[in-house]
Amino acid sequence: MSTDNPQQGVTAPKGFRATGVTAGLKASGSPDLALVVNDGPDQVGAAVFTSNRVVGAPVTWSRQVVSDNVVHAVVLNSGGANVATGPQGFAHVHATAEKAADLLQASAADVVVCSTGLIGVPLAADTLLTGLDHAAATLSTDGGPAAATAIMTTDTVAKQVHVQGSGWSIGGMAKGAGMLAPSLATMLVVLTTDARIDAATADAALREATSTTFDRIDSDGCMSTSDTVLLMASGASGTTAEAAEFTQALRSACAQLARALVADAEGASHDIAVRVVGASDEAAAVAVGRAVARSNLVKAAMFGNDPNWGRIIAQVGTVPEEVAPFDPAELDVTINGLLICKGGGAHEDPTQLDLAASREVHVVIDLHAGDAEATIWTNDLTHDYVHENSAYST
């Protein structure tokens with residue numbers, strides 16, 4: 001398995017066309033409507049969605065679409081989330097799927113719809129529907145980059161990936177730059193493959209891949225209402241993928257996109273890996289890592305390039321013993337390779353660390369309570385993050 005140049009994203013595998021156009025949903029005039037089509041011969045689909053109890057009409061619709069594991073196309077728009085918009089919002093989603101299906105000579109029941117933007121604002125449905133005409137007319141086998149650009153909101157760069165397997169490949173695109181918290185994160189992700197795989201393999205691989213990638217980025221502890229990660233398989237390579245290799249490749253693609261989301265987090269100046277080792281089990285490691293990753297005190301210290309390990313162990317201690325057993329007197333903390341806390345107390349001089357020297361910060365917390373481990377990626381808390389999110393809707 002190898003990672004190729006990701007420039008073509010969702011259209012890198014065979015059997016897919018895509019496009020990204022300006023429909024007029026964004027006041028800025030930037031591209032805001034994407035369409036990705038699976039031309040087959042297979043049209044296998046699988047998806048995972050946000051666990052937020054408040055979801056947009058597109059999520060409600062798309063959950064039904066993927067229930068039979070058949071997906072012909074996906075329509076994605078930025079410039080409006082279509083969340084908390086009542087029956088009219090669902091009617092708009094239905095109309096979008098019907099229009100796309102008519103243009104593609106497909107069934108509306110096989111068209112996933114994804115939306116991202118402000119919550120509680122009615123979507124300009126007529127504008128979107130008119131834009132679909134333009135989108136369908138501009139579909140191409142090299143339209144992946146345009147699609148990746150059209151789904152951006154506060155993202156500063158388009159995010160794409162391409163991973164090569166044994167006679168097949170996986171492509172992908174993602175958007176998300178804030179509200180990054182499980183499950184999943186504020187993301188729209190489309191993954192494509194020309195491997196021949198059955199629905200059960202696609203679903204199992206997607207769930208395993210997302211559980212250790214997208215589910216383990218935690219920018220600000222805020223869960224979105226629109227998260228969708230969709231996998232479409234065309235079978236156009238003619239090669240049947242072995243399940244283990246396919247899952248490994250899909251995990252690699254998801255991991256690369258997840259890291260790209262963290263790297264583009266709103267206003268961030270540090271990407272922070274919180275690796276917890278020596279845990280009693282994986283769930284304990286995740287719980288401790290997430291507790292540290294969500295600490296505003298830790299995140300603010302990282303913004304100030306201050307290796308304040310006291311804030312880290314204090315946050316570790318907030319995790320209940322029944323969730324993550326450990327002895328506080330045995331805690332070790334290493335930052336960027338320097339063991340600054342050993343056995344629950346000060347060790348190496350933290351002034352040796354220059355956190356300003358690199359965007360990435362690697363924190364390792366050893367609980368000395370077992371053999372399990374997990375890593376959570378987060379980012380620092382900056383003035384720019386506060387500014388951007390204080391004025392998002394205005």
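Higher on the page you've got the structure.
Residues numbered from 1 in each chain as written. Predicted model: local features only at pLDDT ≥ 70, side-chain atom pairs only at ≥ 80, totals over all residues. Heavy atoms only, no water.

Colleague: Whenever I open this one, the overall build of the protein chain confuses me. Can you help?
Modeller: Within the protein chain, the regular secondary structure consists of ten helices and 16 strands. A compact globule built from 394 residues should have a C-alpha radius of gyration of about 21 Å, and the protein chain, at 22 Å, falls within 12% of that. A principal-axis box enclosing the C-alpha atoms of the protein chain has dimensions of 65 × 50 × 35 Å. For the protein chain, the proportion of its 394 residues judged to be buried stands at 54%. Long-range contacts, defined as pairs at least 24 residues apart, comprise 80% of the intrachain contacts of the protein chain with a sequence gap of at least 6. Within the protein chain, the 43 negative side-chain charges are centred at a point lying 3 Å from the centre of the 20 positive side-chain charges. (Helix = DSSP H or I, 4+ residues; strand = E, 2+ residues; numbered from the N terminus. Rg over C-alpha atoms; globule rule 2.2 N^0.38 Å. Buried < 20%, exposed > 50% of the residue type's maximum accessible area, 1.4 Å probe, protein only. Contact = heavy atoms within 4.5 Å. Lys, Arg positive; Asp, Glu negative; His and termini not counted. Charge placed at Lys NZ, Arg CZ, Asp CG, Glu CD.)

Colleague: Can you walk me through the side chain of Asp-194 in this structure?
Modeller: Tracing the backbone through its elements, the reader meets Asp-194 in the loop between β9 (188–193) and α5 (199–211). One buried charged residue, Asp-194, remains without a salt bridge, the closest side chain of opposite sign being Lys-14 at 5.7 Å. At 2.9 Å, the side chain of Asp-194 and the backbone nitrogen of Lys-14 are in polar contact. Once residues within four sequence positions are removed from consideration, Asp-194 is found in contact with Pro-13, Lys-14, Phe-16, Trp-168, Ser-169, Ser-234, Gly-235, Ala-236, Ser-237 and Gly-238. (Salt bridge = Lys/Arg side-chain N within 4 Å of Asp/Glu carboxyl O. Polar contact = N/O pair within 3.5 Å; in protein donor to acceptor, adjacent residues only side chain to side chain.)

Colleague: Help me understand the state of the cysteines, please; the structure alone is not making it clear to me.
Modeller: One covalent bond between the sulfur atoms of two cysteine residues makes up a disulfide. Counted under the stated rule, the structure contains zero disulfides. Not engaged in a disulfide, the cysteine Cys-254 finds its nearest cysteine sulfur in Cys-114; these two sulfurs lie 15 Å apart. (Disulfide = S-S within 2.5 Å.)

Colleague: Would you mind showing me how to read the environment of Asn-77 here?
Modeller: Structurally, Asn-77 can be placed in strand β5 (residues 73–78). Overall, Asn-77 belongs to the buried group, its relative accessible area being 1%. A sequence separation of 45 residues divides Asn-77 from Asp-32, and the C-alpha atoms of the two residues are 5.5 Å apart. Look past the residues within four positions of Asn-77 in its chain and what remains in contact with it is Leu-25, Asp-32, Leu-33, Cys-114, Ser-115, Thr-116, Leu-123 and Leu-128.

Colleague: What should I look at first to understand the packing of aromatic side chains in this one?
Modeller: The description of two aromatic rings rests on the distance between their centres and on the angle between their planes. All chains considered together, the criterion is met by two aromatic pairs. Ring centres 5.5 Å apart and planes at 55° place the aromatic pair Trp-168 and Phe-246 in the tilted group. Within this pair, whereas Trp-168 is found in the loop between β7 (159–164) and β8 (169–175), its partner Phe-246 is found in helix α6 (residues 243–263), the two being separated by 78 residues in sequence. The exposure class of Phe-246 is buried, given its relative accessible area of 0%. Over the ring of Trp-377 we find Arg-259, and its NZ or CZ is 3.7 Å from the ring centre. (Phe/Tyr/Trp six-rings, centres within 6.5 Å; stacked < 30°, edge-to-face > 60°. Lys NZ or Arg CZ within 6 Å of the ring centre and 35° of its normal.)

Colleague: Hey, could you run me through the pairing of β5 in this one?
Modeller: The side chains of a regular strand alternate, first on one face of the sheet and then on the other. Counting buried positions along β5 yields six of six residues, so the element is predominantly enclosed. Residues Ala-73, Val-75 and Asn-77 line one face of β5 and the alternating positions Val-74, Leu-76 and Ser-78 line the opposite face, and both faces are buried. Across five bridges, strand β3 (residues 33–38) lies against β5 in antiparallel orientation. Each residue of the ladder has a partner; that of Ala-34, found in β5, is Leu-76. (Pairing = 2+ DSSP bridges.)

Colleague: Which parts of the structure should I look at to understand the pattern of salt bridges?
Modeller: Two side chains with opposite charge may pair up if their charged atoms get near one another. Following the criterion strictly, the structure yields 14 salt bridges and no others. Residue Arg-196 pairs with Asp-42 through a salt bridge whose shortest N-O separation is 3.5 Å. Of the two residues, Arg-196 is situated in the loop between β9 and α5 and Asp-42 in the loop between β3 and β4 (44–49); the sequence distance between them amounts to 154 residues. With a closest N to O distance of 3.1 Å, Asp-271 and Arg-359 form a salt bridge. Of this pair, Asp-271 sits in strand β11 (residues 271–279) while Arg-359 sits in the loop between β14 (345–346) and β15 (360–366), placing them 88 residues apart in sequence.

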